[in-house]
Amino acid sequence: MERKEFRDLASPAAAREAIDSLSLEGGIDRVSLEDARGRVLVARLDAELDVPGFDRASLDGYALRAQDTFGADEADPARLEVVGAVHAGEKPDVELEDGQAVEISTGAVMPDGADAMVPVERTDMDETDGGGANDVLIRTSVAPGDNVMFAGADVAAGERALGPGTRITPRDIGLLSALGIDEVPVRGRPTVGIVSTGDELVRPGGDLESERGEIYDVNSYTIAAGVEDAGGEAVLYPHAGDEQDEMERVLREAADDCDLVLSSGSTSASAVDVIYRVIEEQGELLLHGVSVKPGKPMLVGRLQGSAYIGLPGYPVSAMMVFRTFVAPAIRAAAGLPEPKAATVSGRMARQERYGEGRLRLMPVGLVQNADDEPLVYPVDKGSGATTSLAEADGVVEVGPETDYLEEGEPVTVQLFSPDVRPPTLLGVGEDDPTLNRLLDRLENPRYLPVGSRPGLRRLREGVPDVAVVAGPTDRKHEADELGGWSREWGLIVRPGNPDDVEGLADLVERDLRFVNRTTDSGLRSSLEAAVDDLAEERDVASHDLRESIDGFDLGLRAHESPPRKVIAGDADVALGLRETAERLDLAFVSLGEQPVRVLANPDRTGKASVRELETVLEDETRTETER
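Since the structure is predicted, the reported quantities are computational estimates derived from the model, not experimental observations. (Residues numbered from 1 in each chain as written. Predicted model: local features only at pLDDT ≥ 70, side-chain atom pairs only at ≥ 80, totals over all residues. Heavy atoms only, no water.)

Trainee: Would you mind showing me how to read the overall build of the chain here?
Mentor: The secondary structure content of the chain amounts to 15 helices and 35 strands. Expressed as a percentage of the 627 residues in the chain, the buried residues total 50%. In the chain, once contacts between residues fewer than 6 apart in sequence are set aside, the share between residues at least 24 apart is 72%. (Helix = DSSP H or I, 4+ residues; strand = E, 2+ residues; numbered from the N terminus. Buried < 20%, exposed > 50% of the residue type's maximum accessible area, 1.4 Å probe, protein only. Contact = heavy atoms within 4.5 Å.)

Pasting the structure below:
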């Protein structure tokens, strides 16, 4: 039999290039939530409901009207009549009136008429002779919204929940569960057929005849474990002998079933190692022999439309080649990142105060600075917020003796798992549907929709790569503007506009229930400016005009939350965007165009992901111009 010789060994780079030319992708699967851990999303998932879906108490105590507590303190408490109780999981059956309170449990639904709650430790039951049997003394004053988690405060309807390319973690499953999503579209795991070759092999558990030179098949199980760890689905086939017809039969069977066939053994230049002949005759041999040690006798090719890679027979050589060349290709096909260490050393992006005298497990995120050094920033939206962990990469333990962490102080981050991949781009600021589409075009971005004003503040602190701001801002900023777009904003009403709302004056002059955005929102800033203009035109105080609008002071966080109150019948008018109204099949009354700007951290304009975002913005602007 003719001997195959290794004359021209391929370089490692050439081997990677040959493997990259193969198609290993497994398509798209739809999997249930219980099977979603570790899988990779292929499409963005938006929240279709507010989480929580109702206004709920953050503590045990009493739900009440905030105005009934104004001026109350320890020396002069407010006396309220207790007219009922609401516990978690119950529907309130009472509507509060002036001077009344309801006993309420943590997580319970706020009753109608209540706009705040007081924790039980700031209250006393009235035990004086003159007090009523059902009276409670409130020893502090609260403002509307205090100690209440409003609908959508954790995750708001229409908000970008998870983006394409997200590898689903237990934290993400918690988020998806909270949103009621039970099935997700994920990238199919590449199926990998594993064939060990050689007459000397015996599967573990079989009878071994050492005198014949038999050995247990180590590679099949070792490589199968590596395939699963890399994100593939391993399929074991019976080992093939050294006879060419038998080898061809097993390889063909594996190629019919799998995206990739991995064989081990029979790849060297020995006269009895004939597997390369099978590939040459029945498929396409791209490469035979690589300049690495161990692992020189390596094959790369195609067989019956499937990818094929031949590993050396020695277990150490086989695993070195697999780890160096094959595992990265499987991970790429499965959409998984390269694994990293379980801990990361970084420096605090900003000062963080603590000083509570207890061990703190601080959720943190990671972002790279201009020198590709990891910066660590706290992620904390409260213990009741699912997204505190969904937006974090790991935990920093802060000892009880620590009062604060200085900006630039070195810390060690314990990653949630070794395969956590920090975002390539960290953005903060205004939430916007156009922005969501732009983020889909970036690789592994993270965006925190904190609002325009907090976004600018965080940009000044130097934490994020970019901030997205909309509407008028209070202060000048030192940042590089990457680009932007405009959006039409105004009032969202029921289909057909049955209340004949024509503009801002209707909110002031008529008895219409209005739902605003939070003060952090750029839309809120534009609305406030419009109200100020109307007040100046009418020669009245802006404060008086705002007070005349029912619901002006209580706002919701994201762009879809207010209009969904209109859909539910809880409001007549909501502040929002034309795009949001059209998406929800609601009517829209325009109040103007609002610019949206993307501002870059001056120290990171050269960062690759920032430049990529700038390119995406230019494409978006050009596309809008051409329409």
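We are not done yet, so read on.
Trainee: Sorry if this is basic, but what is going on with the sheet that holds strand E17 (residues 260–264) here?
Mentor: Hydrogen bonds along the backbone pair up the strands of a sheet, which may run parallel or antiparallel. An order of E16-E13-E17-E20-E19-E18 is seen for the six strands of this open sheet, with the pairing classed as mixed. With one partner strand each, in any of the chains shown, strand E16 (233–236) and strand E18 (283–288) form the two edges of the open sheet. The sheet shows a mean angle of 20 degrees between the axes of neighbouring strands, direction not considered. Examined bridge by bridge, E18 and strand E19 (residues 299–303) share five bridges and lie antiparallel to one another. Each bridged residue has a counterpart across the sheet, and for Gly283 the counterpart in E19 is Leu303. (Pairing = 2+ DSSP bridges. Axes fitted to C-alpha atoms, helices over the stretch in contact; angles between N-to-C directions.)

Trainee: What is the right way to look at the side chain of Asp68 in this model?
Mentor: Positionally, Asp68 belongs in the loop between strand E4 (61–64) and strand E5 (78–86). Notably, Asp68 is buried but unbridged: the nearest opposite-charge side chain belongs to Arg65, and the N-O separation is 5.0 Å. If we ignore the near neighbours within four places in the chain, the residues touching Asp68 are Ala78, Leu80, Glu97, Asp98, Gly99 and Gln100. (Lys, Arg positive; Asp, Glu negative; His and termini not counted. Salt bridge = Lys/Arg side-chain N within 4 Å of Asp/Glu carboxyl O.)

Trainee: Where do I start with the pairing of strand E25 (residues 394–398) in this structure?
Mentor: The two faces of the sheet receive side chains in turn, since in a regular strand these alternate between them. Burial analysis of E25 places four of its five residues in the buried class, which makes it a mostly covered element. Inspection of the sheet shows strand E23 (residues 360–368) paired to E25 by five bridges, in the antiparallel sense. Residue pairing in the sheet places Val364 in a bridge with Gly394 of E25. Of the strand pairs in this sheet, E25 and strand E27 (residues 410–415) are connected by two bridges, and their pairing is antiparallel. Bridging across to E27, Val395 finds its partner in Gln414.

Trainee: So what exactly am I meant to see when it comes to the pattern of salt bridges here?
Mentor: Working definition: two side chains of opposite charge can pair if their charged atoms are close together. Throughout the structure, instances matching the rule amount to 36 salt bridges. Measuring nitrogen to oxygen at the nearest pair gives 3.8 Å for the salt bridge that ties Glu48 to Arg564. Residue Glu48 is located in the loop between strand E2 (45–46) and strand E3 (56–57), and its partner Arg564 is located in helix H13 (residues 561–567); the two are separated by 516 residues in the primary sequence. Glu48 gets classed as partly exposed once you look at its relative accessible area, which sits at 48%.

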